[in-house]
Structures are given as structure tokens and as C-alpha cells.
Amino acid sequence: MPDYTSDEIMTVVAARQLANGCVCFVGIGLPSAAANLARLTHAPDIVLIYESGTIGSRPEVLPLSIGDGELAETALTVVSVPEMFRYWLQGGRIDVGFLAAAQLDRFGNINTTMVGDDYAHPKVRLPGAGGASEIATSAGEVFVMLRQSARAFVAKLDFTTSIGYAEGGDSRARFGIPGKGPTRVITDLGILTPDPRSRELTLTGIHPGVTVDQVRAATGWALRVADTLEITKPPTAAELSSLRDLHARTKRAHGEVAA
Amino acid sequence: MAKLTSLADAVATQIHDGDTIAMEGFTHLIPVAAGHEVIRQKKRDLTVIRMTPDLVYDQLIGMGCVKKLIFSWGGNPGVGSLHRFRDAIENGWPHPIEFEEHGHAAMASAYAAGASGLPFAVLRGYLGSDLPKHNLNIRTIECPFTGEILAAVPAIRPDVAVIHAQKADRAGNVLLWGIVGVQKEAVLAAKRSIVTVEEIVDDLGAPPNAVVLPSWVVGSVCCVPRGAAPSYAHGYYARDNAFYKRWDGIARDRESFGAWMRCNVIETGNFDEYEARIRAHADA
């Protein structure tokens, strides 16, 4: 048995994708944990931007919402929400948009709107787009992070909230989208990257101890697998302790008993 | 000029059944006390606008105040669903509501357009998204200079904007800081406004470039300490994240929601009494 959980390796591997000094527009939840782990380990100069308007946040604990006081108190500056979306995101100042998803398809298109076949009468109503529909198009590139399962990795989205590679190939370019799109998807089982021509997400990395059959079973389409599959380097002791300390501080701050 | 008044009086005189109201706040400075007063006064058929409808909008919806919701992200941040919002959309409870859905970029721009006196906002938005297929208020416009096709959405022009801020002075000038969201735009876009504040001071002490709403653009100013709780007021009190988590259990079920609202909102006369009840429950 490894000495880390599948969520921990997902977070550590996602954090490693973020280069020191990059400007990252951070989605709440899993991406926020990974982006802050990057800042606390190999990327001390990363610039974390939250859609509430905080630029250069360095939170001591993870925020529960995208607008916790911690984000504003530790930021270089705080701007209004119209300024955030108009000058900073649409203005092209973001290197990486880091998103979560409820559903994802083989071309990295994302659904966070609803589950069901009738938009007006959904089976499950999800929160909606928030900033994601424009983060997906205006950020230089997009990283997506979510737990892999056949329920989330679907053959056909019920709703396209945020565009990935559309129908694949060069179909994204048709929309006149400035950003490159989802260049990697990090899950609890491995890493998927788009095929350079078809843009179909392909399993290119796998976490230690995970089998390809396991990944296929957790994917709702016939998953393409790279000829040479890279096996993820397991979390180092330093990465794990940084992450666990961060979660423990966060739990204490949010009024829970530390694990 | 702003009128310094009680919250009950401000809501009674400024908000009418059938109005379009924007009670804004982006996680921070959410006008919770004002939302409760709208519920206590049983306002009906409201069109409510909010980028991030959260607990207080869940309450307005569940208590039957809302005819239509215009929004861009409807969830309990970091916790999960807004159950009353979901129940209204999925099951039409307590009655079906209309909803008009956007993304944040478009709504923020639509508020700025409203404040600017323009009829619509333009943005590079919704590219490849399904939202324009379901929201006929998302349209396109060709740039007259480059030919680029851009998204256009109507300006937001509420009847009433309702916000919470840190301070006002005795003349009714308002100062807010921290995460300021779209509150300045919402007030300037609206015909009328209600601002609740943490305190009323002799001198705002606002530095140049601070977010200040001059008295002559503000309708009513009401002193309601802690009026944004369980959200927070930067410099005054922190976000009650534990309560946001507790809300998930309270609102999940129609009956427990109704009982909680009766006990804590309907049967209390004002926000002080509400807060006292909440504290008593938390200690119990």
C-alpha cells in the first residue's frame, strides 16, 4: 500500500504542472489546493488570481469560497469583479486557467451547468458557469483537475458550459478563441493530454499502482492510451507534508477538528 | 441625498412587490440582514439578480419571494448545492421560477454597462458555450472596426440595488473595501438603493481612490452591525465557514428549511434578534 491517498497524488501531480512565476487563475476546490501546494513547494513566485478580484493571493489556509477574507488579506491587490474579468482575464494577462469539472468529454469540453436532457427541467441542477466559460477561452492554456469516473468522463456532455477542443481537430479555432485550451487533465488515476492532431484526450501518464484497465473502466468512452506511458513519480515526503500541513491548518481554521 | 433610516423602513418604502432587485456581494459583504427583512415583509414576485446567489438567495427562493432569478453561479461555495435553488428549478417548489443564466464575465460587464448608462455590454465571451442557445439575451455584435464577432448582453438596470458596506458618515456617504465585487456598479446601475453598514462614523477617512458611494447616489443608509453574517465584513468579522457547511443540512429538506426560517427569521423582529437565536443554537 502506498503511503498517500489517490487525492493526494492527484493534487501533488497537478501542483507540479504549474511553473514557478506563472500567472494562474484558480478555480475553487481541487485546483485551489494544487495551486497553493505549488506555491508552498517548487513555485514560490507563482501569481494566484481568484475571480473575486484578488491578485497575488498567498493564503495561509485554503479558502472555502473564492472570496474568503484570507485571499484579500494576503493579496498584492484586490480589484473589482468587472475589472478582473475585463482587464485581467479578457485582457490576456493569465497564463494558466485552472478549472474543475462535473462532466468532461474526450475533447476536454466541460459541463458545470446541469445533468439531464432538458435544460429547463434538469435532473440535477449544478451551479453553472461562474467564470469558467471565459477562463476556458481567454487564459493562455487550461489545466483541468477532477476525479476520474465513468460518470464524470462521459461520451457526450449534457451541456457544454466551457469549451475545450469542441469536436476535435481544429474545430476550436473556428470560434476565434484566443487561448490554447485544455493542455492537460490531471486525475486521481493519471494524466491525459490532447493528441496533437485530433485533440482527443489521450492517457499519457499513469500514477504508480494504477492499471490501464482501471483507467479505461473509469472513462465513458473508448480511451486512447499513449504507446509509451509515463509512470508518475510518487509524492515526495516534502510534498506530502506540505499538503497535509495545509489541509490540517485549513480544517482548524474552518472550525473542524484536524485529522 | 441618502436617508439614514431603519432597515425595516428602507425595505418597506423602497422595495415593492414585482420589483427587480440586485442584492450583490461577491462572497464578501453579502446583504443578509436586508434579505431577511425582505422575507419578513413577505415581498412577492421579485426578479432577483445576483452573480453568485448564495444562502440568502436560497432563503428568498425557498420562502416564495422570487418570480425570476438572473445569475451566473448558484452554489454554496466550497460546500456544494443550494438546495432551495435546486428544488425550485428541478421540482418547481415552492412554485416554479423563471431563470436567466449567464457567466460571470457577462454579468460583470452588464452591471458596468448599467452604471455607464449604456443599453448593452460587449465582451469576448461565451465562445463555444451552450449558454447562448438557452438564453436569448445573449446575442452577438460585429465590431465596426475589426469585424470580430463579440457577445452582447443587455445592461443590468435594477429597480433597487441592495448592498452591505463597512462604513457610512452622517451625511450618508458610503465606504467599502476588500473584495468589492460589483457593488459600486450595482448601485450606480439601479434606480434606487439600500446600503446597510457596520457603523456610522463622523469621518469616513477614505483615502483617494477608495470605493466610495457619495450620499447623492445612495437612497437609504441603515446601520446594521454584522448585517453581512454569515458572510463577512473585512476588518470587522470573518466568514462563518462552519455555518455555510451547516446550511447544507438545514436547506436540504423542505421541512427543516421551513422550521429554521420560521424560528430564526420570521419570528425574529430584526437582525440582532436573529443573531442572538443563531448564537443560542450554536451553543446548544
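Because the structure is a prediction, the values reported are computed rather than measured.

Description of the overall build of chain A
Part 1 of the reasoning: If you tally the helices and strands in chain A, you get 7 helices and 14 strands.
Part 2 of the reasoning: Radius of gyration (C-alpha) of chain A: 18 Å, near the 18 Å computed for a compact globule of 259 residues.
Part 3 of the reasoning: By the burial criterion, 52% of the 259 residues in chain A qualify as buried.
Part 4 of the reasoning: When contacts within chain A are restricted to residue pairs at least 6 apart in sequence, those whose partners lie at least 24 apart make up 66%.

Focus: the environment of Thr77 of chain A
Residues and elements named next belong to chain A.
Part 1 of the reasoning: With respect to the helices and strands, Thr77 occurs in strand 4 (residues 77-78).
Part 2 of the reasoning: You can call Thr77 exposed: it has 9 C-beta atoms within 10 Å.
Part 3 of the reasoning: When the C-alpha positions of Thr77 and Asn36 are compared, they lie 18 Å apart, and in sequence the two are 41 residues distant.

Quick look at the sheet that holds strand 6 (residues 120-123) of chain B
Residues and elements named next belong to chain B.
Part 1 of the reasoning: If you trace the 3 strands from one edge of the open sheet to the other, you get 6-8-7, paired in antiparallel fashion. The sheet is open, and its two borders are formed by strand 6 and strand 7 (139-142), each paired with just one other strand. For this sheet the average axis-to-axis angle between neighbouring strands, irrespective of direction, equals 40°.
Part 2 of the reasoning: Relative to strand 8 (residues 149-154), strand 7 is paired through 4 bridges, and the arrangement is antiparallel. Its bridge partner being in strand 8, Arg139 is matched across the sheet by Ala152.
Part 3 of the reasoning: Here helix 5 (residues 104-115) sits on the sheet and contacts strand 6 and strand 8; the angle it forms with strand 6, its principal contact strand, is near 135°.

Some details on the interface of chain B and chain A
Part 1 of the reasoning: With 45 residues of chain B at the interface, the matching set in chain A holds 44 residues.
Part 2 of the reasoning: Within the residue set of the side of chain B that touches chain A, elements represented by two or more residues are helix 4 (83-91), helix 5, helix 6 (131-134), helix 7 (183-189) and helix 8 (241-252) of chain B.
Part 3 of the reasoning: Counting residues per element, the side of chain B that touches chain A draws most heavily on helix 5 of chain B, which supplies 6 residues.
Part 4 of the reasoning: Here the side of chain B that touches chain A is built from residues that sort into 19 nonpolar, 17 polar and 9 charged.

Some words on the domain arrangement of chain B
Residues and elements named next belong to chain B.
Part 1 of the reasoning: Splitting chain B by domain gives domain 1 (3-102 + 157-275) and domain 2 (115-154).
Part 2 of the reasoning: Spacing between the C-alpha centres of domain 1 and domain 2 amounts to 28 Å.
Part 3 of the reasoning: Secondary structure elements with two or more residues in the side of domain 1 that touches domain 2: strand 5 (98-101) and helix 7.
Part 4 of the reasoning: For the side of domain 1 that touches domain 2, a count of residues per class yields 2 nonpolar, 1 polar and 3 charged.

Focus: the environment of Thr74 of chain A
Residue and element names in this part refer to chain A.
Part 1 of the reasoning: Among the structural elements, Thr74 can be located in the loop between helix 3 (69-73) and strand 4.
Part 2 of the reasoning: Expressed as a C-alpha distance, the spacing of Thr74 and Glu60, which sit 14 residues apart in the sequence, is 8.3 Å.
Part 3 of the reasoning: Apart from the residues within four sequence positions on either side, Thr74 is in contact with Ser57, Arg58 and Pro59.

Here is what the cut-offs are and how they apply
Along every chain, residues carry numbers that run from 1 in the direction the sequence is written. Chains carry letters from A onward and ligands carry numbers from 1 onward, assigned in written order. Side-chain atom pairs in this predicted model are given and counted only at pLDDT of 80 or more, local residue features only at pLDDT of at least 70, and totals for whole chains, interfaces and linings cover all residues. Strands are runs of DSSP state E lasting at least two residues, helices are runs of H or I lasting at least four, and both sets are numbered from the N terminus onward. Atoms considered for the radius of gyration are the C-alpha atoms alone. The globule rule reads 2.2 Å times the number of residues to the power 0.38. Residue burial here comes from a neighbour count, namely the number of other C-beta atoms, placed from the backbone, that lie within 10 Å of the residue's own C-beta, with 20 or more meaning buried, 12 or fewer meaning exposed, and in between meaning partly exposed. Throughout, a pair of residues is in contact if the C-beta atoms placed from their backbones lie within 7 Å. Strand pairing is assigned whenever DSSP detects at least two bridges linking the two strands. Angles here are taken between N-to-C directions and fall from 0 to 180 degrees, while the axes themselves are lines fitted to C-alpha atoms, restricted in helices to the stretch in contact. Side-chain classes are defined by residue name, with Ala, Val, Leu, Ile, Met, Phe, Trp, Tyr, Cys and Pro counting as nonpolar, Asp, Glu, Lys and Arg as charged, and the others, Gly among them, as polar. Throughout the structure description, domain borders are defined by an automatic or database domain assignment.

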